[in-house]
Amino acid sequence: MKELSLRIAAPVIYQRMIQTFEKYHIHPYDTQGTAIPKEDGLHIILRFAPDFSRKAETTFSMKQASQPDQEVTHFFEKTAEQCKSELITNYFKMIKP
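So, how was this worked out
- Residues numbered from 1 in each chain as written.
- Predicted model: local features only at pLDDT ≥ 70, side-chain atom pairs only at ≥ 80, totals over all residues.
- Heavy atoms only, no water.
- Helix = DSSP H or I, 4+ residues; strand = E, 2+ residues; numbered from the N terminus.
- Buried < 20%, exposed > 50% of the residue type's maximum accessible area, 1.4 Å probe, protein only.
- Contact = heavy atoms within 4.5 Å.
- Pairing = 2+ DSSP bridges.
- Axes fitted to C-alpha atoms, helices over the stretch in contact; angles between N-to-C directions.

Novice: Help me understand the side chain of T73, please; the structure alone is not making it clear to me.
Specialist: Among the structural elements, T73 can be located in helix 4 (residues 70–95). Judged by relative accessible area, which is 10%, T73 ranks as buried. The residues contacting T73, other than those within four sequence positions of it, are R16 and T20.

Below you can see the structure in the form of structure tokens.
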């Protein structure tokens, strides 16, 4: 199956991601979110790091895609922490003399 933009494929999930990432001061352009429709739900892939080389993946049920629960929020919080860590590490690499 083809990867679709998370914003288009699952707007409710995308909105939850944006809300969660805002708490960590991470902008939407710091990540690339995609979704692959599956029989049992949506497989979500979030890419991050300066070159989008790191990724976090999970699968949410169709019910979770339309009504995000605590599991969805937890996934985004965990990923936001990883993304923030990558951004900080990259920042310090850039400012090293």
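Novice: Could you clarify how one ought to interpret the sheet that holds strand 4 (residues 54–60) in this entry?
Specialist: Adjacent strands of a sheet pair through backbone hydrogen bonds, lying either parallel or antiparallel. If you walk across this open sheet you meet the 4 strands as 1-2-3-4, and the pairing is antiparallel. In this open sheet, the two edge strands, each paired with only one partner strand, are strand 1 (4–5) and strand 4. Sheet strands in contact with helix 4 are strand 3 (41–48) and strand 4, and its direction is about 180 degrees off that of strand 4.

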